[in-house]
Amino acid sequence: HARLFVESGMKGQAPSLLLLLLAWRPARGAEQQCQLSDQRYAGVTVTVVALQEKGGVNLENLYVRAREFENFTGAVVDFVQRDVRPSGDNPSLAAEVFADAGKVETGCNGAGVYQGYVIKGNQVPDLVQCGGIANLSTQVEQSQTWSDLDWADVATAIRQGTSTYDSKVYSLPIDADYMATVVREDLAGNTTLDTWEQWVAFAESQNGTDMNGDGKPDHGACIALGPAGHFSVFGVLMAIAAPHLQLGGTPQGAFFNTDTLEPKLTAAAMSQIYPDAPSSFSFETALALYKRLVDVAVPGVSAKDAWDYFKNGSCSTWISLPGFVYKTQDTKFGTTNMLTRNVPNATMARVEAPGVPCPSRSTCPYASDTSSGLVSRAPFLATSGFGFAISSKASAIQQQLLFELFTYVSAPEQSNPDVQEWTVSDPFRLSQLDNETIADLVERGWDEPVARQYLEVVDATLNHPNAALDLRVPGLGLYMSSLLDATDSYVHGTARRRRAESADAACEAASDAWQAIPLQLYGQEPAATNTQLDIYRAQLGLPQIVRDTGGGGNEEIALIVTAAVGGMAAAVILGAFAFWIVATLRRKRALERQAEATIKKQIVSAVDALKEIQAPLALIRASDFLEIGSLQSHEALRDKGVLHFVDTTSQFIETVFTRYVTVFFSHQWLAFGDPDPRGEQYAVMVKAARSIAALEKVPLEDIFLWVDVISISQSCRSVQTLAINSLPCFASLLKYFVTVCPTVKHADTGAVCNKASYHERCWCRAELMSFWARNGTERMFYATGGSGAARRSEVGGEEPEGMALEPMAPEGVTESFVDAIKVFHGSPSCCRLGPA
C-alpha cells in the first residue's frame, strides 16, 4: 500500500526515501505496519455510517484498517455504528444511510450530515437517483491508488452488482453476498443435486428423520421464513426462481423484460422473452418448488435461527448468505467445524447452486453438462454484498480521504487476509480463491479437499456468466414485500391473505402488484414505468432506450396552421413547405430508430461474441508441441491426432481450465505465407512452455497451448473466419498470455520484428486487450528467447532459475501499458501487403 500515499504527500521528500517507500511491499496477508507516514490528512475529519464494530453482524475489519489508516495519514475517521436491523432507538444501517443520502420512495430528502457510507450493492441505484453518493469513476481512473485497488482482480459479478451503475463506479467492494447452498454430506452420499427438483426431493426424503441423534424428528430444510425482515426470505425464493427466469446471461436480468419492464412472473411474460424455452422455465414452476421446500423447513425462523438449527444438525439442507456458512465451516476455533463439533460424524458441503434442466445450448447458452444432462444455473447474488460509498456532499478533501481509505481496506493486501478472519467480508476477489488461499485455509485447520471444494464453488458462483444480480431499483422494499404478500397464501396455506389459492393466481397477483409500483414512486404514467425501466437497464449495464416523445406531432400541427394563414397562394406554398418539413422530421425519426436498432444489434452481437466461442477452441499439449519440431498447420496436426477440441466456453472451464494450465501464445508472422520459416519463434515458445511448467510445478503433459497456425483452420475459410471472430474470447479464457517476440527479420520484407513491431499490430493489441480485460496483468509475459524474471506463481514457491519469461507489466497498469492495448492505434497486417 506504499503507493497509496505517494501521489501528493511524498513529493517534497528526498528521492531515496521515495524509492524506499515504492520498493517496500509486504508479503500477501502480512500485518500492515507503516513505519513511514506523511500525515497528509492531519486535521481532516470524516464520519462514516457503518456496520457495528462488535457483536451481531459486524464489520470489525473496517475499524482495524481505519485505525491503521489514521496512523499513516493523520486523518480522523469517526463512525456511526448501526446493525443490519433496528436496535433499540437506533435505526438499521440501511435506514440511516437513506436518511442521510436520500431515497426515491421518501422524496430524496437526505440530511447530508455524514461523508461516507457502508452500503449494499442493491441500494446503489436508489442512492444515485437521489444524487446522494459520488461518482468515483474519475478518481478510480486517475488515482495513483488504482494499481493497489487491482480492479481487474474483483470478481465480475461483484463489480456489476456492488460497485457499478450505468457503467460508472459508485462504490468500492469489501464483500460478496449470494445465496449459498449447503447440504449434509453424510446424509446426501452420492445423491445428485444438480437441479432444484433434485434438491427439493432430497430435502423431502430426509424430512422427519432423526439427523442429530437426539431422538426427535428433524427437518428437510433450514431457510429463513420470518419474522426478521424480508430480504433473507426473498433471497431464498429468488435463489430458486433465478435459473427459471434468466437463461441468456447476467445482462438479461431475472426480474423484468428489459424492453418493457413487464415482470417475468407470468407464463405469458416468459414466453414473450423466451419463445423456445420449455414451460418449466417459469416463476410458477419455481414457486411450486419453493412451496415444497417450505413444507419441510423449520417453520417461522429467521436466517440466524436457521443457522443455529443447521449447525445443531437439525436439517439436511441449508440455504443462507455465505458469511453464516463460512463461519460454520471454518475451523479457527478448533480442529473441526461447528456442525461436526455438535454432531460427531456429521459433515457438510457447500455445493454449486442447483439449476433447471435445459433441452439445448441454443436455449441455455451457459448451461453446464452434468450427470443429469444439460443444466442451466443462475447463482443469485442476494444484496450483492457490502461496499463503500462517498457522500456527494462531502468536501473535495474529504472525498479524497475516503477514497484512499476505502481503497486501502478493499485492496488485496488487506482484504485477502480479512475475508478469512472476519465473516461479514466474504471473498470477492479472484486472488482470494487461488491455491495460496487453499494453503491458508489448510493452515487454519481445514482439510485440503474441503478447502478446495469451498473455493471452487465460490469461484463458480462469482464468475458465472449467467449469475443473477439482485433487484437494484428504487422501491426495493415494495417489490420484496408485495411479492411475498401475493404468494403467501399459496406458499403457506394460511388464511391470513386469501388472495391467491394457486401458483398461477399467485404469480398474476404478484405481477399486478409489481406493475403498480412505478406509479407509487414517480406519480405519472407512462413516465413512471419508463423511468424505472431506464434504471433497471442501467443497473444491468444496458444502454438507455431512445424514445419518441411524440412532440413531433405538435410541431407538425403548428406548421400546418401557420401555412393556412394568408392568401391561397401563400397557403399552398407554406403548406407544401410544412409538409416537406413534416416528412423530413418523420424520416429523421425513422432513421434514428433504425440507427438505434442497428447499434443495439451490433452491441448485443459483440457482447455475445465475447461470452461464447463461435468456433471450437483447438489446443495442443505442451509435451506434443515439443515433439512436432516446428510450427505446423492446424490440418496437419489435426490429422496426426494431437489436437484437443473444446466446443463451448462452459465446457472449457469445466474440463480444461479447472484441471490444466493453459497458455495463449501471441506472435507476429515472419513471412507472408509462413509464420516461422526459420523456426526462431518455435524455439522461443518451447523455452517459454518449459518455463511455465517450472513456474507452475507441473509436467508438460498438464499444459495446453494455443498458437494461431496450430489452433485455427488454415484451409477452410468459413471456419477460419469463425475462429478469428472468437480470438478475443480465446485470448481471455486461457490462464497465461505470452507474447513471443524475439528480435529477428521478416523473411519477405527484411523488416526487424521485435517487441516494438509486435505492439504496432492491431490484432496483437486486440489479443492483449482481451486477456487483460478479464485477467489483469499478473500472468502476461514477454518471451524473447533470453532469460527473464518471471513472477512467483499463484501456486506458490520460489522463482525457478533461468526463466525465459519477462513480466509484461511489472508495475501493473501504467500509462505505457494502456497505450499498448489501444487497438485502433495499431496497424492491420494487410497494410504491409499494399492492397489497392
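Owing to the predicted nature of the structure, the values given are computational and were not obtained by experimental measurement.

> Tell me what's going on with the side chain of Lys264, and back it up with residues and numbers.
Counting through the fold element by element, Lys264 comes out in the loop between helix H10 (231-245) and helix H11 (267-273). Buried and unpaired, Lys264 has no salt bridge, with Asp259 as the nearest side chain of opposite charge at 10 Å. Polar contacts involving the side chain of Lys264 include one to the side chain of Tyr274, which spans 3.2 Å.

> Could you give an account of the packing of aromatic side chains, with specific residues and numbers?
The tally for this structure, following the rule as stated, stands at 28 aromatic pairs. Between Tyr41 and Phe69 the ring centres are 6.5 Å apart and the planes differ by 25°, which places this aromatic pair in the stacked class. One end of the pair, Tyr41, is in the loop between helix H1 (15-23) and strand S1 (45-51); the other, Phe69, is in helix H2 (residues 60-73), and 28 residues separate them in sequence. In this structure an aromatic cluster arises from ring pairing among Phe234, Phe255, Phe256, Phe380, Tyr479, Trp514 and Tyr536. One Lys or Arg, Lys103, reaches over the ring of Phe98 and ends 4.8 Å from the middle of that ring. The aromatic ring of Tyr490 is capped on one face by Lys291, whose charged end is 5.4 Å from the ring centroid.

> I'd like a description of the pairing of strand S10 (residues 348-351), backed by residues and values.
Here S10 shows no split at all, with Met348 and Arg350 on one side and Ala349 and Val351 on the other all buried. Where strand S7 (residues 180-184) and S10 come together, 4 bridges link them in antiparallel fashion. By the bridge assignment for S10, Val182 is matched with Arg350.

> So what's going on with the sheet that holds strand S13 (residues 373-376)? Which residues, and what values?
Pairing in this open sheet of 3 strands is antiparallel, and the strands run S11-S13-S12 from one edge to the other. In this open sheet, the two edge strands, each paired with only one partner strand, are strand S11 (356-357) and strand S12 (368-370). Relative to S13, S12 is paired through 3 bridges, and the arrangement is antiparallel. Following the sheet pairing, Ser368 is matched in S13 by Val375.

> So what about the packing of helix H20 (residues 476-492) against helix H21 (residues 503-522)? Which residues, and what values?
Where H20 meets H21, the closest approach of the two axes is 9 Å, and the angle between their N-to-C directions is 160°. Here H20 is positioned roughly antiparallel relative to H21, judged by the angle of their axes. By crossing handedness, the relation of H20 to H21 is classed as right-handed. Along its contact with H20, which presents Leu478, Tyr479, Ser482, Leu483, Ala486, Thr487 and Tyr490, the element H21 presents Ala503, Ala506, Ala509, Ala510, Ala513, Trp514, Ile517, Pro518, Gln520 and Leu521.

> Give a detailed account of unusual backbone geometry, specifying residues and quantitative values.
Residues Glu525 and Pro526 are joined by a peptide bond in cis, for which omega reads 5°. Checked against the element boundaries, Pro526 lands in the loop between H21 and helix H22 (527-539). We note that Ser167 has phi near 65°; this positive angle belongs to a residue other than glycine. With a relative accessible area of 66%, Ser167 lands in the exposed category. The phi dihedral of Leu261 is positive, around 70°, even though this residue is not glycine. Turning to its location among the elements, Leu261 is positioned in the loop between H10 and H11. Residue classification places Leu261 among the buried residues on the basis of a relative accessible area of 5%.

> Before we move on, could you go through the nonpolar core and cite the residues and values that matter?
Side chains of a nonpolar character, in soluble globular proteins, are inclined to be buried together. Formed by 167 residues in total, the largest nonpolar core has its most connected members in Phe255, Tyr290 and Phe380. No other element matches the 10 residues that H10 contributes to this core. Phe380 has contacts with Tyr178, Met179, Phe234, Gly235, Met238, Ala239, Ala242, Phe255, Ala468, Leu469 and Asp470, leaving out every residue within four places of it along the chain. Counting 32 residues, the second largest nonpolar core, distinct from the first, contains Leu631, Leu643, Val663 and Ile703.

> Help me get a handle on the pairing of strand S19 (residues 661-667), residues and values and all.
Of all 7 residues in S19, 7 are buried; the element is thus mostly enclosed. Residues Val661, Val663, Phe665 and His667 point to one face of S19 and Thr662, Phe664 and Ser666 to the other, with burial holding for every one of them. With 4 bridges joining them, S19 and strand S20 (residues 703-706) adopt parallel strand pairing. Counterpart to Thr662 in the pairing with S20 is Phe704. Remark: the S19/helix H28 (residues 680-696)/S20 crossover connection has right-handed handedness.

> Can you lay out helix H33 (residues 762-775) for me, pointing to particular residues and giving the numbers?
Between its terminal C-alpha atoms H33 stretches 20 Å, which fits the 20 Å expected from 14 residues at 1.5 Å a residue. For H33, every residue scored as buried is listed here: Cys762, Cys764, Arg765, Ala766, Glu767, Leu768, Ser770, Phe771, Trp772 and Asn775. Phi turns positive, to about 80°, at Gly776, one or two residues after H33.

> Break down the environment of Ser395 for me, with residues and values.
Tracing the backbone through its elements, the reader meets Ser395 in the loop between strand S15 (386-390) and helix H16 (396-410). Considered as a pair, Ser395 and Val46 are 349 residues apart in the sequence and their alpha carbons are 9.8 Å apart.

Rules behind the numbers
Residues numbered from 1 in each chain as written. Predicted model: local features only at pLDDT ≥ 70, side-chain atom pairs only at ≥ 80, totals over all residues. Heavy atoms only, no water. Helix = DSSP H or I, 4+ residues; strand = E, 2+ residues; numbered from the N terminus. Buried < 20%, exposed > 50% of the residue type's maximum accessible area, 1.4 Å probe, protein only. Lys, Arg positive; Asp, Glu negative; His and termini not counted. Salt bridge = Lys/Arg side-chain N within 4 Å of Asp/Glu carboxyl O. Polar contact = N/O pair within 3.5 Å; in protein donor to acceptor, adjacent residues only side chain to side chain. Phe/Tyr/Trp six-rings, centres within 6.5 Å; stacked < 30°, edge-to-face > 60°. Lys NZ or Arg CZ within 6 Å of the ring centre and 35° of its normal. Pairing = 2+ DSSP bridges. Axes fitted to C-alpha atoms, helices over the stretch in contact; angles between N-to-C directions. Parallel < 35°, antiparallel > 145°, perpendicular 65-115°, else oblique. Left-handed = near helix turned anticlockwise from the far one by under 90°. Contact = heavy atoms within 4.5 Å. Core = buried A, V, L, I, M, F, W, Y, C linked by side-chain atoms within 4.5 Å. Right-handed = clockwise from strand over helix to strand, strands pointing away. Expected span 1.5 Å × (residues − 1).

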